[in-house]
Amino acid sequence: MSPPIDRLLFAGEAFVDLMMWVPSLPERGGDLLASSAGIAVGGGFNVMAAAARQGLPVAYAGGHGTGPWGDLVRSALNSEKIEILRPPDARADTGFDVALVEPAGERTFVTSLGAESLPAPDGWPAARPGDAVYVSGYGLAAPASGPALGAWAAALPAGVTLFADPGPLVAGIPAAVLGPVLARVDWWSSNQREATLLTGAAEPADAALQLRARMPQASVMVRTGAAGCVLLPVGGQPAEIPAPRVDAVDTTGAGDAHAGVFLAALAAGLPPAAAAARANAAAALSTTRTGPATAPGRAELDERIAGWL
């Protein structure tokens, strides 16, 4: 059983999403016109905002740069009352990605890393008992900061819950960085594609079992999109946790909303299956809105869940 949670210490990366809604992905060497576009703070900000909107205190331990993108990130963090633990990094601006969103809501990213991927000048902050520490594959795969982040996460003390999400860059995380994290992690959450890349198993339940074999101390979630997720707690068997049906328009940030709401639900005392069901509902609701940080607040989520039951 994971220790109690009273704060999310986010050691991931907040950066900027340049969103473009497109009729399809362009062919190689081709071009097309986006139907609309926008700029928003995304990346790890989605996780933090989702947790904060559920009432969980959040502190951002990641980097943020000096420049217009960094200013945008800090403004968004302040708007959600998220504590910023590091000063602006003078070495670079915050990074950004270009997100191409297709009509069915699927999104494809190209990311340019910035200050959020650089090693912390004074090292990572100390975690305290009651913290849930979140690390992502973006940070672990970054050549400059990945080894230090992985070593810090692997050495977290007892009383701290380590939650890891490998993200789309899972195949690019060096084994020497990922291995110690796998040996320490309490909760592992990945989508079906990422789980398959790690295990070769196409079925979510099989992938969850293989992941747990690599980290027997951890509970595993494999997110299955509109279907919900497969939950495999320590000592248990895989269970399919369904999600409510919605008309998705943009899946950007759905996995992040899932993580933030799941951790907030655990902090509120919900058992893992109930926390996963609540996270499924929040992720589903987030896909009915355009943009990255579209997780609902606690009252809205309570109301929507009551309507779906």
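Everything below is about the structure shown above.
Here goes a summary of the coordinates provided. (Residues numbered from 1 in each chain as written. Predicted model: local features only at pLDDT ≥ 70, side-chain atom pairs only at ≥ 80, totals over all residues. Heavy atoms only, no water.)

Let us look at the pattern of salt bridges. Between side chains of opposite charge, a pair can form when the charged atoms approach closely. Per the stated rule, a full pass over the model turns up 10 salt bridges. Among the salt bridges present, the one from D165 reaches R223, with a minimum N-O distance of 3.3 Å. Of the two residues, D165 is situated in strand β9 (residues 161–165) and R223 in strand β11 (residues 219–223); the sequence distance between them amounts to 58 residues. Across the salt bridge formed by R289 and E300, the nearest N and O atoms sit 2.2 Å from each other. Of this pair, R289 sits in the loop between α9 (272–286) and α10 (298–308) while E300 sits in helix α10, placing them 11 residues apart in sequence. (Salt bridge = Lys/Arg side-chain N within 4 Å of Asp/Glu carboxyl O. Helix = DSSP H or I, 4+ residues; strand = E, 2+ residues; numbered from the N terminus.)

Turning to the environment of P296, a few remarks are in order. Note on placement: P296 falls in the loop between α9 and α10. By relative accessible area, which is 1% here, P296 ends up buried. Not counting chain neighbours up to four residues away, the residues in contact with P296 comprise R53, Q54, A282, L285, R289 and L301. (Buried < 20%, exposed > 50% of the residue type's maximum accessible area, 1.4 Å probe, protein only. Contact = heavy atoms within 4.5 Å.)

A few words now on the packing of helix α4 (residues 146–154) against helix α5 (residues 175–184). Two numbers describe a pair of packed helices, the interaxial angle and the distance between the axes. Where α4 contacts α5, the two axes come as close as 8 Å, and the packing angle between them is 20°. The angle between α4 and α5 places the two elements in the roughly parallel class. When you trace α4 past α5, the crossing you get is left-handed. Taking contact as the criterion, the partners of G146, P147, G150, A153 and A154 in α4 are, on α5, V177, P180, V181 and R184. For the contact of α4 with α5, the residue count by class is six nonpolar, two polar and one charged. (Axes fitted to C-alpha atoms, helices over the stretch in contact; angles between N-to-C directions. Parallel < 35°, antiparallel > 145°, perpendicular 65-115°, else oblique. Left-handed = near helix turned anticlockwise from the far one by under 90°. Nonpolar A, V, L, I, M, F, W, Y, C, P; charged D, E, K, R; others polar.)

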